[in-house]
Amino acid sequence: MDSKIGMTLTRHIYEGERVHPEATGELTGILNQIALAAKIVSREVRKAGLAEILGFTGQRNVQGEEVRKLDQFANDVFMTAFSHLGHFCIMASEEVDKPIPMPVDGRPDGGRYSVVFDPLDGSSNIDANVGVGSIFAVHHKISPGRDGTITDLLQPGRRLAAAGYVVYGSSTMLVLSTGHGVHAFTLDPSVGEFLQSHHHIRIRERGTIYSANEGNYPYWSQGVRRFVSHMKQHDPTTGRPYSSRYIGSMVADIHRTLLYGGIFMYPADSKDPKKPHGKLRLLYECSPIAFLLEQAGGAASDGHRPILDIQPTEVHQRTPFFAGSVENVREVETFIARYDAVRA
Ligand code: AHG
Ligand code: MN
Ligand code: MN
C-alpha cells in the first residue's frame with residue numbers, strides 16, 4: 001500500500017543506493033544534509049522582506065561583488081551543514097576565497113568526498129523578491145592520504161558523484177542527479193519534507209525559448225551575435241522568432257530551460273578585460289548544471305566543447321556557458337565555429 005506520503009527524498013536516495021551497490025550510505029547522508037540546508041535557507045528567503053536579512057553586508061567577496069546578507073547567511077548554513085558530516089575532506093564556496101579543509105574531529109580517516117557550492121545564486125534579485133537558488137557539486141576524493149587537497153576540488157564535471165540545485169521560487173524545489181537521471185523534489189512546508197514531484201526529467205531535443213542578457217550584445221563575439229539574430233528572424237517554418245526569457249538568476253533560468261526546452265547563454269564578452277571568459281564560474285555553477293542537463297538528455301558547452309570535459313585549474317575560474325536542448329546548443333557551436341575567427 002503506497003501511503004499518501006509519496007516518495008520522499010530520503011526514501012528515493014535510499015532506494016537508489018539499494019539498486020546501485022557501488023553507492024554507499026554516505027551519499028544518503030550528504031544529500032539529506034543538503035536538503036536540511038535548503039530548508040533552512042528557504043525559510044529565510046521566504047521571509048527575507050521581514051527579517052533584517054535584506055541588503056548588503058558592506059563587504060566584497062573574492063569576485064569583487066558586494067555581499068548581501070542572504071549570501072552570507074546561506075553560505076554559513078551550507079558550510080555548517082557540511083563541516084561536521086564526516087563525509088567531506090575539503091570544500092569550496094563562491095563566497096570564500098580559498099578552499100576550506102574539513103575539521104578532522106579526531107576521525108580515523110578523512111572524508112571520501114569533496115563539495116563545491118554557490119550558496120545563493122541570483123542574489124542581485126533578492127531585494128526584488130525574484131526567484132533565487134543554491135547550487136552544489138559533490139566529487140569523490142581522489143588525492144592520496146587522509147586530508148583533502150585542491151586536487152579533490154579541481155575535477156572535470158564528467159566525474160561528479162552528485163550535483164543539483166535548489167530553486168526558491170513559487171515553491172522550493174530540489175533538483176538533483178547521482179548519475180542515474182534527474183529527479184525533482186518539492187518542499188511541503190506543512191511537513192517539512194521534500195516530496196518527489198518530477199521523476200526522470202528529460203529536456204526536449206529542441207526548444208524555442210532563448211535566455212541571455214542582451215544588454216551585453218555589443219560585447220559578444222560575431223558568432224554569438226549572429227546566433228541571437230538568427231533566433232529573432234521571422235521564419236514560421238522553424239518556429240522563429242523564438243521567445244526571450246531572462247530572469248537573471250541562473251538557477252531559475254536553467255530550471256525553466258530544463259522543463260520547457262531551449263537555450264540559456266552567458267557568453268564571453270569584451271565588457272570587462274578582467275573577465276574575458278564571461279561571468280559564470282565553472283566549478284560551482286556551470287559544471288553541476290551541465291551534469292544535470294546531460295543526465296536529462298541535454299547539452300552544455302563553452303561554445304567549443306562540453307563543459308563536463310573541462311579540466312579546472314582554479315576554484316573560481318569562469319567559462320562561457322551555453323546550456324539546454326541539445327539541438328540549440330549544437331547550433332550555437334556551429335555559429336561560433338563559422339564566424340569566430342579567433343577561438344574564445
Ligand atoms: P551569483 O548571484 O551567485 O553571483 O550569480 C549570479 C549570476 C547568475 O545567477 C546569473 O545568470 C547571472 O549572474 C546574471 O548576470 P547579469 O546580471 O550580468 O545578467
Ligand atoms: Mn551564482
Ligand atoms: Mn552566489
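Novice: Please provide a residue-by-residue account of the domain arrangement of the chain, values included.
Specialist: According to the domain assignment, the chain consists of domain 1 (9–198) and domain 2 (209–343). With centres defined by C-alpha atoms, the gap from domain 1 to domain 2 works out at 24 Å. The partner domain 2 presents 34 residues to the 48 residues of domain 1 that form the contact. Here domain 1 packs against domain 2, burying approximately 2900 Å² in sum over the two surfaces, 61% of which is carbon and sulfur. Per-residue buried area on domain 1 facing domain 2 is highest for Leu154, Arg158 and Tyr165; these three make up 23% of the total on that side. Applying the counting criterion to the domain 1 and domain 2 interface returns 3 salt bridges. Across the pair Glu94 and Arg281 runs a salt bridge whose closest N-O atoms are separated by 3.2 Å.

Novice: I'd love a proper account of the packing of aromatic side chains, names of residues and values included.
Specialist: Inspection of the entire model under this criterion finds 8 aromatic pairs. When the centroid spacing of 6.3 Å and the interplanar angle of 65° are considered together, the rings of Phe264 and Phe321 count as edge-to-face. Residue Phe264 is found in strand β13 (residues 263–266), and its partner Phe321 is found in strand β15 (residues 321–324); the two are separated by 57 residues along the sequence. Residue Phe264 is classed as buried on the basis of its relative accessible area of 2%. Taken together, a centroid distance of 6.0 Å and an interplanar angle of 35° make the contact between Phe335 and Tyr339 tilted. Taken together, the residues Phe335 and Tyr339, both in helix α7 (residues 326–339) and 4 residues apart, mark about one turn of the helix. Classification of Phe335 as buried rests on a relative accessible area of 11%. Three or more aromatic residues joined by ring pairs form one cluster here, namely Phe78, Phe82, Phe88 and Phe117. Here Arg338 stacks its cationic end above the ring of Phe335, 6.0 Å away from the centre of that ring.

Novice: Outline the coordination of the manganese ion (ligand 3), listing residues and values.
Specialist: Protein coordination of the manganese ion (ligand 3) is provided by Glu94 (OE), Asp118 (OD) and Leu120 (O), with donor distances spanning 2.0 to 2.2 Å. Sequence positions of the donors to the manganese ion (ligand 3) reduce to the motif E-x23-D-x1-L. In this structure, the manganese ion (ligand 3) lies 3.7 Å from the manganese ion (ligand 2), and both are coordinated by Asp118. Here Leu120 lies in strand β5 (residues 113–121) and Glu94 lies in the loop between β3 (88–93) and β4 (100–101), a separation of 26 residues in the sequence.

Novice: Quick rundown of the coordination of the manganese ion (ligand 2)? Include the residues and the values.
Specialist: Six octahedral donors around a metal ideally sit at 90 or 180 degrees from one another, while four tetrahedral donors ideally sit at 109.5 degrees. Coordination of the manganese ion (ligand 2) by the protein involves Asp118 (OD), Asp121 (OD) and Glu285 (OE), with metal-donor separations of 1.9 to 2.1 Å. Sequence spacing among the residues donating to the manganese ion (ligand 2) works out to D-x2-D-x163-E. Assessed through its relative accessible area of 4%, Asp121 is described here as buried.

Novice: I'd like a description of the packing of helix α4 (residues 222–231) against α7, backed by residues and values.
Specialist: Remark: α4 packs on α7, axes separated minimally by 7 Å, with the N-to-C direction vectors making an angle of 135°. Judged by the angle between their axes, α4 and α7 are oblique. Like other packed secondary-structure pairs, α4 and α7 cross with a definite hand, here right-handed. Here α4 contributes Gln222, Gly223, Val224, Arg226, Phe227 and His230 to the contact with α7, which in turn contributes Asn328, Glu331, Val332, Phe335, Ile336 and Tyr339.

Novice: Got a sec to walk through the side chain of Ser287? Specific residues and values, please.
Specialist: Inspection of the secondary structure assignment puts Ser287 in helix α6 (residues 282–295). Ignoring sequence-local partners within four residues, the contact set of Ser287 consists of Gly157, Leu160, Leu282, Ile307 and Leu308.

Novice: Could you give an account of the site of ligand 1, naming the residues involved and the relevant values?
Specialist: Near ligand 1 you find 18 residues, and of these Asp121, Gly122, Tyr246, Met250 and Tyr266 are the closest. Asp121 places a polar side-chain atom, nitrogen or oxygen, 2.8 Å from an oxygen atom of ligand 1. At 3.0 Å, a side-chain N or O of Asn213 approaches an oxygen atom of ligand 1. Protein coverage of the free-state accessible area of ligand 1, which is 470 Å², stands at 88%.

Novice: How would you explain the sheet that holds β4 if you had to name every residue and give the values?
Specialist: As summarised here, the arrangement of the 8 strands in space is β4-β3-β5-β6-β7-β8-β9-β10, forming an open sheet in which the pairing is mixed. The open sheet is flanked by β4 and β10 (193–198), the only strands paired with a single partner. Pairing between strand β6 (residues 132–140) and strand β7 (residues 162–168): 7 bridges, direction antiparallel. Within β7, the position partnered with Ile135 by the bridge is Tyr165. Sheet contacts for helix α3 (residues 69–83): β3, β4, β5, β6 and β7; angle to β5, the most-contacted strand, approximately 160°. Contacts from helix α5 (residues 250–260) reach β5, β6, β7, β8 (172–177) and β10 within the one sheet, and its direction differs from that of β7 by about 105°.

Novice: How would you explain helix α1 (residues 9–19) if you had to name every residue and give the values?
Specialist: Turning to α1, its buried residues number three or more, namely Leu9, His12, Ile13 and Glu17. Projected down its long axis, α1 shows its buried positions confined to an angular sector of 135°, all on one face. In α1, those exposed residues whose orientation departs by more than 90 degrees from the buried face are Arg18 and Val19. Residues of α1 that are buried make contact with α2 (25–46), β8, β9 (183–188) and β10.

Novice: Mind laying out the pairing of β13, listing which residues take part and the relevant values?
Specialist: Here β13 shows two buried faces, one formed by Ile263 and Met265 and the other by Phe264 and Tyr266. With 2 bridges connecting them, strand β11 (residues 209–211) and β13 associate as parallel partners. Each bridged residue has a counterpart across the sheet, and for Tyr210 the counterpart in β13 is Ile263. The sheet contact formed by β13 and β15 spans 4 bridges and is antiparallel. By the bridge assignment, Met265 is partnered in β15 with Phe322.

Conventions adopted
- Residues numbered from 1 in each chain as written.
- Chains lettered and ligands numbered in written order.
- Predicted model: local features only at pLDDT ≥ 70, side-chain atom pairs only at ≥ 80, totals over all residues.
- Heavy atoms only, no water.
- Domains from an automatic or database assignment.
- Contact = heavy atoms within 4.5 Å.
- Buried area = accessible area lost by both parts, 1.4 Å probe.
- Salt bridge = Lys/Arg side-chain N within 4 Å of Asp/Glu carboxyl O.
- Phe/Tyr/Trp six-rings, centres within 6.5 Å; stacked < 30°, edge-to-face > 60°.
- Helix = DSSP H or I, 4+ residues; strand = E, 2+ residues; numbered from the N terminus.
- Buried < 20%, exposed > 50% of the residue type's maximum accessible area, 1.4 Å probe, protein only.
- Lys NZ or Arg CZ within 6 Å of the ring centre and 35° of its normal.
- Donors = N, O, S within 2.8 Å, 3.2 Å for Na, K, Ca; no water.
- Axes fitted to C-alpha atoms, helices over the stretch in contact; angles between N-to-C directions.
- Parallel < 35°, antiparallel > 145°, perpendicular 65-115°, else oblique.
- Left-handed = near helix turned anticlockwise from the far one by under 90°.
- Near = heavy atom within 4 Å.
- Polar contact = N/O pair within 3.5 Å; in protein donor to acceptor, adjacent residues only side chain to side chain.
- Areas by Shrake-Rupley, 256 points an atom, 1.4 Å probe, with all protein chains shown as cover.
- Pairing = 2+ DSSP bridges.
- Arc of directions from axis to C-beta.

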